[in-house]
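Coordinate analysis (summary)
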Amino acid sequence: CEINGQRPINYLMERFLAHTEHPNARIRVYALTCIKHYLYLKNQAAMVNIDNIMQALFRRASDASSDVRCIVCQCLSTLLTMRPDKLLPEMSNVAEYMLYSARDQDETVALEASEFWLTFGEDPALSDALRPWLPKVAPLLLTGMVYSQSDLDWLGGAEEEDEAVPDKESDIKPRFHGAKSHAQEHEEDPTASNGNRKTENEGEDDEESEYDYDEDDDEEDMTGEWNLRKCSAAALDVMSVTFGDEMLEILLPYLKEKLFSDNWQEKESGILALGAIAEGCMSGVRPHLPQLMPFLVTSLSDSKVCTLPHKLRTSFEPPPF
């Protein structure tokens, strides 16, 4: 809309751009987040200011705040989707920045940078622009598929086998979850189970019970959490479908190194990668099956598979050959 011959959104966009230079990192994050939304909508104010937006993103690329760098990666991914004509001429600098950011110590920044490569790979029209970067992107994605420390902390996979160590009493005693309010009702009045009596603290108890869930339920929710490992596997999957055996030829030296590594985390990520590329690179993988099949069967008895049972399963398990 226009008010007195001016569009309010044009004024807002000017303010957003100005606030990307604000000394407060939180304000910079908010300003870039607003810009990202208008880019996604291909809003007229964003399209008119596209060059200014790109300059603002490049200035904030090395921001001291990891939150700001995270939003910069998101904005560049959005630009790649909405205005590739503007981003591709700058791809040399953008790609190097994303390769660098994918190794960021902040896993959130690394995830957003890897999302850029997933976005890149999902658009067949950009395959020619992506091809020159495959030799650098492929090993980067393999590295991203190794369990991170936060993954291991949750999975408990970094712990040594403790079959010979006796269980502590605290580890084996029964635990009871849920139904706090019902337990209290029975303690106060055994007849309350018929629903005719309510305690004066019932509302408070019900509110508490809302958050009294079984730990196993929370565990299952975390298995579906999108993270760097899954994003890297998805990007590798998409690129292998697009580039086929060309991708396999680039990956093969790195893949062999991981599959036959003495480090179980490296080996596991190699098996995950093998599953991710199976569909797109099957013609190239087929000649290696006589060596791969015995290796995979032997890996079924690996001790770490016992340590990490169902939690090892992902959406990118190798399909049966």
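The rules we used
- Residues numbered from 1 in each chain as written.
- Predicted model: local features only at pLDDT ≥ 70, side-chain atom pairs only at ≥ 80, totals over all residues.
- Heavy atoms only, no water.
- Core = buried A, V, L, I, M, F, W, Y, C linked by side-chain atoms within 4.5 Å.
- Buried < 20%, exposed > 50% of the residue type's maximum accessible area, 1.4 Å probe, protein only.
- Contact = heavy atoms within 4.5 Å.
- Helix = DSSP H or I, 4+ residues; strand = E, 2+ residues; numbered from the N terminus.
- Disulfide = S-S within 2.5 Å.
- Axes fitted to C-alpha atoms, helices over the stretch in contact; angles between N-to-C directions.
- Parallel < 35°, antiparallel > 145°, perpendicular 65-115°, else oblique.
- Left-handed = near helix turned anticlockwise from the far one by under 90°.
- Nonpolar A, V, L, I, M, F, W, Y, C, P; charged D, E, K, R; others polar.

1. Some thoughts on the nonpolar core
Trp117 and Leu236 are the most contacted members of the largest nonpolar core, which totals 74 residues. In this view, Leu236 contacts Leu141, Leu142, Met145, Met247, Leu251, Ala273, Ala276 and Ile277; residues no more than four positions away in its chain are not counted.

2. Let's talk about unusual backbone geometry
The residue Asn4 is not glycine, and still its phi comes out positive at about 55°. By the secondary structure assignment, Asn4 is in the segment before helix 1 (8–19). In this structure Asn4 comes out as exposed when scored by relative accessible area, which is 79%. At Lys42, a residue that is not glycine, the phi angle is positive and equals roughly 55°.

3. Quick word on the state of the cysteines
For the coordinates displayed, the defined rule picks out zero disulfides. In this structure Cys70 is a free cysteine whose sulfur lies 6.7 Å from that of Cys73, the closest cysteine sulfur available. A relative accessible area of 8% places Cys70 in the buried class.

4. Considerations on the packing of helix 7 (residues 91–101) against helix 8 (residues 107–122)
Here helix 7 crosses helix 8 at 135°, and the two axes come no closer than 8 Å. One element, helix 7, and the other, helix 8, form an angle in the oblique class. In this structure, helix 7 meets helix 8 at a crossing whose hand is left-handed. Residues Met91, Val94, Ala95, Met98, Leu99 and Ser101 of helix 7 pack against Val109, Ala110, Ala113, Phe116, Trp117 and Phe120 of helix 8. When the residues that make up the contact of helix 7 with helix 8 are grouped by side-chain class, the tally is eleven nonpolar, one polar and no charged.

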